[in-house]
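Examining the three-dimensional arrangement
Below, each chain spelled out in residue letters.
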Amino acid sequence: MARKISRQEFVDLLAEEDLDIDPEYTRPPPPPAGGERESTEDEFWEPELGAAGRKIFECEKKFILAHGERGSGKTFACLHKVVRHLYENDGAMACITVLTRASAILGGAWTKLQIVLNMWREGIGLEGEGKGGEIVFKMDDGRNRFCWIRNMHGGWSMAFLKSMQHADHITERVKGMEFSIFFFDELTETDDERYFTDTIKQLGRLPGIPLQQFIAACNPPIEGEDHWVWIRFFTGFDDPNEKRPKRSADYGVFHIPMSENRFIEKRDEYVETVAEGSRNDPTAYDRDVLGIWTKRPTGKGLL
């Protein structure tokens, strides 16, 4: 005999990657009594960020790239901007995207999101749907992670994790999704510009949120300036010969230096370790320690 499943069970299935999502079952939890939330901590709290991280936090350009050497805190800076978006906009939806789910949960973007959300909880009393306002991190049967947070308007905003390992699957993975901010971690690990062009088509569909953005973080890749991310974010702007030129006004590009990462306790030791890993490839020191987009030579040129 078929068992009638509860609404909560449907919510737990909402991010099943191969299912069409019925809006009836993607509604957030009921709002807490009292309307707009009142901060329980410092009303004027903001996260501690370096100069470049602060520029990202305040940037209102549509497409943002945070790049830099290994261990510079790029992902943390971007995630603070994501959480600010979720908090300040009622009904906001954040899609945090990686190539593989394992890379996000084993110290990657999803793990770091939990750290950032806890900072906001300590800073302004940010609340989730759990007991006492605890932020609850859920997983559906498709092993997709998501969480709800209470925004400043008294409603709910949502963050969820999406893996996109193959460019050919991007369209079907994001079809029907109406997110208001999109964060792609380790963008230069991708090999196809469709990771940008196919996802941004979903921006702007969620009503009531004026500023909707694509944000990405990356290290310089071995392809250097030949990589599609460099070509997309650094070149070809405002060409008068193009019918619809790529507008520099839409793009914000920021280098995040390692000095801005306050989470590395032994920075000098970490730099030495990364440098040792570059011993047999001098160009890797440029990319991994200095954040320069130096291409790795091939063949005999490597030595």
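Note that the structure is a prediction, hence the values are computed from the model and not measured.

**Examining the overall build of the chain**
- Each helix and strand counted, the chain has ten helices and nine strands in total.
- Partitioning the intrachain contacts of the chain with sequence separation of at least 6 by distance along the chain shows that 70% fall at a separation of at least 24.
- As displayed, the chain has an accessible area near 16000 Å², and 49% of this comes from carbon and sulfur atoms.

**As for the nonpolar core**
- One finds Ile 96, Leu 113, Leu 117, Trp 120, Leu 126 and Phe 183 to be the most contacted residues of the largest nonpolar core, which totals 38 residues.
- Of all hydrophobic cores here, the second largest spans 27 residues; its members include Trp 156, Phe 214, Cys 218 and Trp 228.

**Comments concerning the pairing of strand β7 (residues 181-185)**
- Summarising burial for β7: five of the five residues are buried, a large majority.
- What you see with β7 is no split at all: Ile 181, Phe 183 and Asp 185 on one side and Phe 182 and Phe 184 on the other are buried throughout.
- Of the pairings in the sheet, the one linking strand β2 (residues 93-98) to β7 comprises four bridges and is parallel in character. Bridge pairing in β7 links Thr 97 to Phe 184.
- As paired strands, β7 and strand β8 (residues 213-218) are joined by five bridges and run parallel to one another. Opposite Ile 181, over in β8, you have Gln 213 as the bridge partner.
- Handedness of the crossover is the feature at issue here: the chain leaves β7, passes through helix α7 (residues 194-200), returns alongside β8, and the resulting connection is right-handed.

**Observations regarding the packing of helix α2 (residues 51-58) against helix α3 (residues 74-88)**
- The contact between α2 and α3 brings their axes to 9 Å, and the two run at 30°. Our classification of the angle between α2 and α3 gives roughly parallel. Between α2 and α3 lies a crossing of right-handed hand. Every residue of α3 that contacts α2 at Gly 53, Ile 56, Phe 57 and Glu 58 is listed here: Ala 77, His 80, Lys 81 and Arg 84.

**Here we look at the side chain of Thr 97**
- Checked against the element boundaries, Thr 97 lands in strand β2.
- Classification of Thr 97 as buried rests on a relative accessible area of 0%.
- In this view, Thr 97 contacts Lys 162, Met 164, Phe 182, Phe 183, Phe 184 and Asp 185; residues no more than four positions away in its chain are not counted.

**Some thoughts on the pattern of salt bridges**
- Taken as a whole and assessed by the stated rule, the structure comprises 15 salt bridges.
- For Lys 295, the salt bridge goes to Asp 226, with nearest N and O atoms at 2.7 Å. A residue pair is termed long-range when its members are at least 10 positions apart, and Lys 295 in the segment after α10 (282-290) and Asp 226 in the loop between β8 and α8 (228-234) qualify at 69 residues.
- For Lys 295, a relative accessible area of 45% translates into the label partly exposed.
- One continuous salt-bridge network, built from bridges that share partners, spans Glu 46, Arg 54, Glu 58, Arg 84 and Glu 88.

**Side note on the confidence of the model for the chain**
- The pLDDT averaged across the chain works out to 82; a share of 79% of its residues lies at or above 70.
- In the model, residues 1-25 has pLDDT below 50 throughout and makes 35 contacts with residues more than four positions away in sequence or in other chains.

**Some remarks on the pairing of strand β6 (residues 156-163)**
- When you tally the buried positions in β6, you get eight out of eight residues, the bulk of the element.
- By the alternation rule, side chains of β6 split into Trp 156, Met 158, Phe 160 and Lys 162 and Ser 157, Ala 159, Leu 161 and Ser 163, which are all buried.
- Examined bridge by bridge, β2 and β6 share six bridges and lie parallel to one another. Its bridge partner being in β6, Cys 95 is matched across the sheet by Phe 160.

**Regarding the packing of α3 against helix α5 (residues 109-124)**
- Where α3 contacts α5, the two axes come as close as 9 Å, and the packing angle between them is 55°. Relative to α5, the element α3 is oriented oblique. Considering only the axes of α3 and α5, their crossing is right-handed. Contact with α3, carried on its side by Thr 75, Phe 76, Leu 79, His 80, Val 83, Arg 84 and Tyr 87, involves Ala 109, Lys 112, Leu 113, Ile 115, Val 116, Leu 117, Met 119, Trp 120 and Ile 124 of α5 and no other residues of that element.
- Residue composition of the contact of α3 with α5, grouped by class: twelve nonpolar, two polar and two charged.

**Thoughts on the environment of Tyr 251**
- Structurally, Tyr 251 can be placed in strand β9 (residues 251-255).
- Classification of Tyr 251 by relative accessible area gives buried; the value is 7%.

Cut-offs used in this document
Residues numbered from 1 in each chain as written. Predicted model: local features only at pLDDT ≥ 70, side-chain atom pairs only at ≥ 80, totals over all residues. Heavy atoms only, no water. Helix = DSSP H or I, 4+ residues; strand = E, 2+ residues; numbered from the N terminus. Contact = heavy atoms within 4.5 Å. Areas by Shrake-Rupley, 256 points an atom, 1.4 Å probe, with all protein chains shown as cover. Core = buried A, V, L, I, M, F, W, Y, C linked by side-chain atoms within 4.5 Å. Buried < 20%, exposed > 50% of the residue type's maximum accessible area, 1.4 Å probe, protein only. Pairing = 2+ DSSP bridges. Right-handed = clockwise from strand over helix to strand, strands pointing away. Axes fitted to C-alpha atoms, helices over the stretch in contact; angles between N-to-C directions. Parallel < 35°, antiparallel > 145°, perpendicular 65-115°, else oblique. Left-handed = near helix turned anticlockwise from the far one by under 90°. Salt bridge = Lys/Arg side-chain N within 4 Å of Asp/Glu carboxyl O. pLDDT = per-residue confidence, 0-100. Nonpolar A, V, L, I, M, F, W, Y, C, P; charged D, E, K, R; others polar.

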